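# Breakdown of the fold
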Amino acid sequence: FIANQNTHCIREVDVLTWQTRTLAGRCAVSGSQDGAGDSTQARFNTPAGIAIVPASTKVLVADSGNHKIRFIDTVTQLVQTLAGSGSAGHQDGFGTAAAFNTPMDLAVSANGSYALVAEYAAIRQVDLITSAVSTLVGGCGSFEISTSSGCGSSRATSATVCQQLAACDATTWGGTRSTSSYPY
């Protein structure tokens, strides 16, 4: 699966035949709409990251320009917003009550229960069952460590981030990571 930022659609590549097809969105037409994945309904705006949800028929998309996290069912091609209000911001909450600021990359846990989302100056966790969004690191306008009492003054180091996310050890993490068509 490829999140094609420039054409606002999600592509699927058959690795046996190397044929591609549009899984969701209408290429070259941006927008923000859930629905059938074919070109008649669903729309994306600069989708940046995509990850497969283990043991399911779903892929998760960081819809960067729409400030949303969205599911695509690869069988039915149905596109649904999991979380994000559609406006840039930083707000924990459930589903569309939460706000993201340009989510660019994501990874799904090995058991498919949650995703980590990298966005502007924050790393967020999204529960894939309840749609609960919480901030793990950042959200203070820079990569400062957010605490229960608000934004701290110390910057997060890579070691701190790894300790908080438990993502440095492949045996702990073991999930799927995003692939993006944006070379950064």
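A few points on the structure. None of the values given here were measured: they were computed from a predicted structure.

### Concerning the pattern of salt bridges
Counted by the stated rule, this structure contains five salt bridges. Here R21 makes a salt bridge to E12, at a shortest N to O gap of 2.7 Å. Here E119 ties to R124 by a salt bridge, and the two come within 2.7 Å at their closest N and O atoms. The two residues E119 and R124 agree in class, both being buried. A cluster of three or more residues bridged by salt bridges with shared partners is formed by D34, D63 and R70.

### Some thoughts on a nonpolar patch on the surface
A surface patch of nonpolar side chains, amounting to about 430 Å² of accessible area, comprises V15, L16 and W18. Structurally, L16 is set in the loop between β2 (9-13) and β3 (20-24). Here L16 falls in the exposed class, since its relative accessible area comes to 77%.

### Describing the state of the cysteines
All chains considered together, the criterion is met by one disulfide. Between the sulfur atoms of C9 and its disulfide partner C27 the distance amounts to 2.1 Å. Residues C9 and C27 are joined by a disulfide whose S-S torsion is about 85 degrees; by sign, that bridge is right-handed. Here the residue C9 occupies a position in strand β2, and C27 occupies one in the loop between β3 and β4 (35-36), the gap between them amounting to 18 residues. C9 sits in the buried class, given a relative accessible area of 0%.

### Here's the deal with the sheet that holds β3
Read across the sheet, three strands follow the order β1-β2-β3 without closing on themselves; strand pairing throughout is antiparallel. The two strands at the open ends of the sheet, each matched to only one other strand, are β1 (2-4) and β3. Going from strand to strand, the sheet's axes swing by 40 degrees on average, the running direction of each strand aside. With three bridges joining them, β1 and β2 adopt antiparallel strand pairing. Looking at β2, one finds that I2 is bridged to R11.

Rules behind the numbers
- Each chain carries its own residue numbering, running from 1 in the direction its sequence is written.
- In keeping with the predicted nature of the model, local features appear solely for residues at pLDDT of at least 70, side-chain atom pairs appear and are counted solely at 80 or more, and the whole-chain, interface and lining totals rest on all residues.
- To get the side-chain values, take all heavy atoms of the structure and skip hydrogens and water.
- A carboxyl oxygen of Asp or Glu within 4 Å of a side-chain nitrogen of Lys or Arg is what we treat as a salt bridge.
- Note on exposure labels: buried denotes an accessible area under 20% of the residue type's maximum, exposed denotes more than 50%, and partly exposed covers the range between, all computed with a 1.4 Å probe on protein chains only.
- What makes a patch is a set of residues exposed beyond 30% relative accessible area and free of salt bridges, joined within 9 Å when like-charged and within 5 Å when nonpolar (Val, Leu, Ile, Met, Phe, Trp, Tyr).
- Only the protein chains shown count as covering a residue, and every accessible area follows the Shrake-Rupley method with a 1.4 Å probe.
- Think of it this way: any DSSP run of H or I at least four residues long counts as a helix, any run of E at least two long counts as a strand, and we number them from the N terminus.
- Any pair of cysteine sulfurs within 2.5 Å is marked as a disulfide.
- At least two DSSP bridges between two strands are required for those strands to pair.
- The angle between two axes is taken between their N-to-C directions and runs from 0 to 180 degrees, where each axis is a line fitted to C-alpha atoms and a helix contributes only its stretch in contact.

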